[in-house]
Amino acid sequence: MNNLGTPQRPLSVAIIGAGPSGFYAAEALLKAPDLNVRINLFDRLPTPYGLVRGGVAPDHQKIKSVVAVYERIAKDPRLNFFGAVKLGRDITAEELSARHDAVIYAVGCESDRRMEIPGEDLAGSHSATDFVGWYNGHPDYRELKFDLSCAAVAVVGIGNVAMDVARVLSCEVDDLAKTDAAGYAVSALRASKVKTVWLLGRRGPAEAAYSPVEITELGELPGCDLVVDPKEAALDEVSKKELGDPAVKKKVDYVQAHALKGEGSKSRKIRARYRVSPVELIGTNGRVTSMRIEKNKLIGDDKGRVKCVGIGEFETIQVGMVLRSVGYRGIPIPGVPFDEKSGHIPNENGRVLPAPGQPAIPGQFVVGWAKRGPSGLIGTNRADSVLTVQSLLEDLKAGRLPAASDPSPDATQRLLAGKKIRALSFADWQALDALEKANGAKANKIREKFTRIEDMLAALPVSV
Ligand code: NAP
């Protein structure tokens, strides 16, 4: 039995990823009774907060206010932030394990799923997650180009990401300009010619993945009508069974009532379609010009799930841009197990497994989307991270954590300094944060984000 976590020897934990799940894991460790712990929190970007900064839509500032909680956690003297340090590039999994008694991966899902249909790679066909990163000023996506000179865009999928991108494409740009949306995106959206956004759900209104509040927001946009065909809003027999769930009923009631309002009189339209699947993107000169969709019927399977199957009736809609919003997917990290089938890190109760079904790797843990896949709201990650930390603490108690060979407090700093890697501190981030807010105030907006890593580094003195 070692004395990790005791007054004599603090438990040294690395958390990789400073998004919600990483912060909630840190919070659970810092709150653990009688635990002497020291946490190193790494992020590949100079900026913390993950999808709260780079994913949550700019017009949803209330959701972003959760960063106040993360800021409090980051200021705990037992936590050290290492910004702009990427696992697999600047530090290896082995180097981390040598310096920490436990490693928690909070790396999220950084890629997206594909539709797997012909024409998907035509110019003008993008993932919605790219568009989200672009309008949020994420450095990875800021150079992407979205041609908004077309009259109509199709958004495939009807989850909350689809709601976000449909809303941003259809909102009042003067309102968006006051948020923290990237300045270049606001300019491009101001010049947008898009008048119609098709929202394509492969199943019906009862199975829609969006939350009731998100679809309601689409129905209340000042300059855009949400249009639904009452025939598509009607439920088929198999879906009617789902109405016992109050959240489902709320979504269905809203859409059915809205469908009766007809076309409306606003100049822009979001046309929500149900029980249709894209089957092909068609292009001219390599650029998408239309999409072929097939109507579906819904059937129940033996596990009680509702599935869709095509009925061989097709329709073509004219679109100049397609945003597939069919879910995120993890990407493998060198030295960290990855399950290609599920698209995330194989685990049991947050303990990392080399492969599904195999015994856990001692001292390796996972939280958030990297653990369970891309589902749930920000708050879902709190309970999920608590569960993983419980597994970690059980392993600590049982003596199953492998003690680090160099757990000294400055071991990671020394390693990075030896490699000439400049890690940013939380004080550096606070300096950037203050600059972004000051630049925003000059432009009459909440903040003007730095959208290039080199600009962030140039804005900081070498050490704050
Ligand atoms: P999601 O909720 O899983 O929705 C994915 C959508 O894509 C579903 O409508 C799904 O339909 C559809 N889809 C999947 N494969 C398809 C295919 N091959 N063809 C056509 N449609 C297909 O994923 P998400 O929208 O990316 O959101 C990820 C998570 O983030 C969710 O938990 C979401 O609630 C959360 N989020 C929350 C907010 C917010 O709270 N404001 C904002 C953004 C994201 P089926 O249902 O038929 O599979």
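Residues numbered from 1 in each chain as written. Predicted model: local features only at pLDDT ≥ 70, side-chain atom pairs only at ≥ 80, totals over all residues. Heavy atoms only, no water.

In this structure, what is going on with the overall build of the protein chain? I would like to understand it.
Counting its secondary structure elements, the protein chain contains 18 helices and 18 strands. Judged by the C-alpha coordinates and their principal axes, the protein chain covers about 70 × 55 × 40 Å. Counting over 464 residues, the protein chain shows a buried share of 53%. In the structure as shown, the protein chain presents an accessible area of about 20,200 Å², 54% of it carried by carbon and sulfur atoms. For the protein chain, the centre of its 63 positive side-chain charges and the centre of its 57 negative side-chain charges are spaced 2 Å apart. (Helix = DSSP H or I, 4+ residues; strand = E, 2+ residues; numbered from the N terminus. Buried < 20%, exposed > 50% of the residue type's maximum accessible area, 1.4 Å probe, protein only. Areas by Shrake-Rupley, 256 points an atom, 1.4 Å probe, with all protein chains shown as cover. Lys, Arg positive; Asp, Glu negative; His and termini not counted. Charge placed at Lys NZ, Arg CZ, Asp CG, Glu CD.)

What is the right way to read the packing of aromatic side chains from this model?
For any pair of aromatic rings, the description rests on two quantities: the centre-to-centre distance and the angle between the ring planes. Summed over all chains, the structure comprises 13 aromatic pairs. On the numbers, 4.9 Å between centres and 55° between planes, the contact of Tyr328 with Trp369 is tilted. With Tyr328 in strand 15 (residues 328–329) and Trp369 in helix 14 (residues 369–372), the pair connects residues that are 41 residues apart, well separated along the chain. By relative accessible area, Trp369 is classed as buried at 16%. Here the aromatic residues Phe23, Tyr24, Tyr49, Tyr70 and Trp429 are joined through ring pairs into a cluster of three or more. When the ring centre of Phe314 is taken as origin, the NZ or CZ atom of Arg292, which lies over that ring, is 4.2 Å away. (Phe/Tyr/Trp six-rings, centres within 6.5 Å; stacked < 30°, edge-to-face > 60°. Lys NZ or Arg CZ within 6 Å of the ring centre and 35° of its normal.)

It is not clear to me how the sheet that holds strand 11 (residues 276–284) should be interpreted in this structure. Could you clarify?
Hydrogen bonds between backbone groups are what pair the strands of a sheet, and the pairing can be parallel or antiparallel. Ordered in space as 11-12-13, the three strands form an open sheet in which the pairing is antiparallel. The strands lining the two open edges of the sheet, one partner per strand, are strand 11 and strand 13 (306–318). Here the average twist between neighbouring strands, direction ignored, is 20°. One ladder, built from eight bridges, connects strand 11 with strand 12 (residues 287–300); its direction is antiparallel. Across the sheet, Gly283 pairs through a bridge with Val288, a residue of strand 12. (Pairing = 2+ DSSP bridges. Axes fitted to C-alpha atoms, helices over the stretch in contact; angles between N-to-C directions.)

Would you explain the side chain of Glu207 in this entry?
Summarising the element assignment, Glu207 is placed in the loop between strand 8 (196–200) and helix 10 (212–219). Here the side chain of Glu207 touches Gly204 through a polar contact of 2.9 Å, landing on its backbone nitrogen. Once residues lying within four places of it in the same chain are set aside, the contact partners of Glu207 are Ser239, Glu242, Leu298 and Val306. (Polar contact = N/O pair within 3.5 Å; in protein donor to acceptor, adjacent residues only side chain to side chain. Contact = heavy atoms within 4.5 Å.)

How do you make sense of the site of the ligand when you look at a structure like this?
As a structural note, the neighbourhood of the ligand is formed by 21 residues, with Asn160, Arg202, Arg203, Glu214 and Gly376 the closest of them. In this structure, Val161 approaches the ligand through a main-chain N or O atom, which is 3.1 Å from an oxygen atom. Take Gly376: an N or O atom from its main chain is 2.7 Å from an oxygen atom of the ligand. Contact with the protein chains covers 80% of the free accessible surface of the ligand, which is 920 Å². Broken down by element, the shell around the ligand gets its largest block of residues, three residues, from helix 7 (residues 160–170). (Near = heavy atom within 4 Å.)

Can you help me understand the pairing of strand 12 in this one?
Regular strands place their side chains on alternate faces of the sheet. In this structure, the hairpin formed by strand 11 and strand 12 is closed by a connection of two residues, where Asn285 is found at a positive phi of approximately 50°. Here strand 12 runs beside strand 13; their pairing, made up of ten bridges, is antiparallel. When the bridges of strand 13 are listed, Met291 appears paired with Ile317. Hairpin connection, strand 12 to strand 13: the antiparallel pair is bridged by five residues, and Gly304 has positive phi, about 80°.

Please explain the sheet that holds strand 14 (residues 321–324) as it appears in this structure.
Across the sheet, six strands lie side by side as 6-14-7-8-10-9; this open sheet has parallel pairing. Sheet topology places strand 6 (125–127) and strand 9 (224–228) at the edges, where each strand pairs with a single neighbour. Across this sheet, the average inter-strand angle for adjacent strands is 20°, counted without regard to direction. Relative to strand 10 (residues 268–273), strand 8 runs parallel, the two sharing five bridges.

Would you mind showing me how to read the nonpolar core here?
In summary, soluble globular proteins display a tendency toward joint burial of nonpolar side chains. One finds Tyr135, Leu199, Leu218, Ile270 and Leu323 to be the most contacted residues of the largest nonpolar core, which totals 47 residues. Here this core takes six residues from helix 7, the largest share from any one element. Setting aside anything within four residues of it in sequence, one finds Leu199 in contact with Val155, Gly157, Ile158, Ala162, Met163, Ala166, Leu218, Ile270, Arg271, Ala272 and Arg273. (Core = buried A, V, L, I, M, F, W, Y, C linked by side-chain atoms within 4.5 Å.)

Explain unusual backbone geometry here, please?
Most peptide bonds take the trans configuration, and most residues that are not glycine carry a negative phi. Even without a glycine there, the phi angle at Ala84 is positive, about 65°. Inspection of the secondary structure assignment puts Ala84 in the loop between strand 3 (79–83) and helix 5 (93–99). We note that Glu116 has phi near 60°; this positive angle belongs to a residue other than glycine. Mapping Glu116 onto the fold places it in the loop between strand 5 (111–112) and strand 6.

Help me understand helix 9 (residues 183–190) in this model?
Residues spaced three or four apart along an α-helix face the same direction, because each turn holds 3.6 residues. Along helix 9, the positions that sit buried rather than exposed are Ala185, Val186 and Leu189. Buried residues along helix 9 cover an arc of 100° about the axis, so they all sit on one side. For helix 9, the elements touching its buried residues are helix 6 (128–135), helix 7 and helix 8 (173–176). (Arc of directions from axis to C-beta.)

How should the pattern of salt bridges be read in this particular structure?
Side chains that differ in charge, positive against negative, can pair when their charged atoms come close. Applying the stated criterion across every chain, the model contains 45 salt bridges. Between Asp180 and Lys449 there is a salt bridge, with its nearest N and O atoms 3.9 Å apart. Residue Asp180 is found in the loop between helix 8 and helix 9, and its partner Lys449 is found in the loop between helix 17 (426–442) and helix 18 (453–459); the two are separated by 269 residues along the sequence. For the pair Asp180 and Lys449, a shared accessibility class is recorded, and that class is buried. (Salt bridge = Lys/Arg side-chain N within 4 Å of Asp/Glu carboxyl O.)

For this particular structure, what's the right way to read the pairing of strand 8?
Of all five residues that make up strand 8, five are buried, and the element is covered over most of its length. Along strand 8, one buried face is formed by Thr196, Trp198 and Leu200 and the opposite face, lined by Val197 and Leu199, is buried too. Pairing between strand 7 (residues 152–156) and strand 8: five bridges, direction parallel. Opposite Ala154, over in strand 8, you have Trp198 as the bridge partner.

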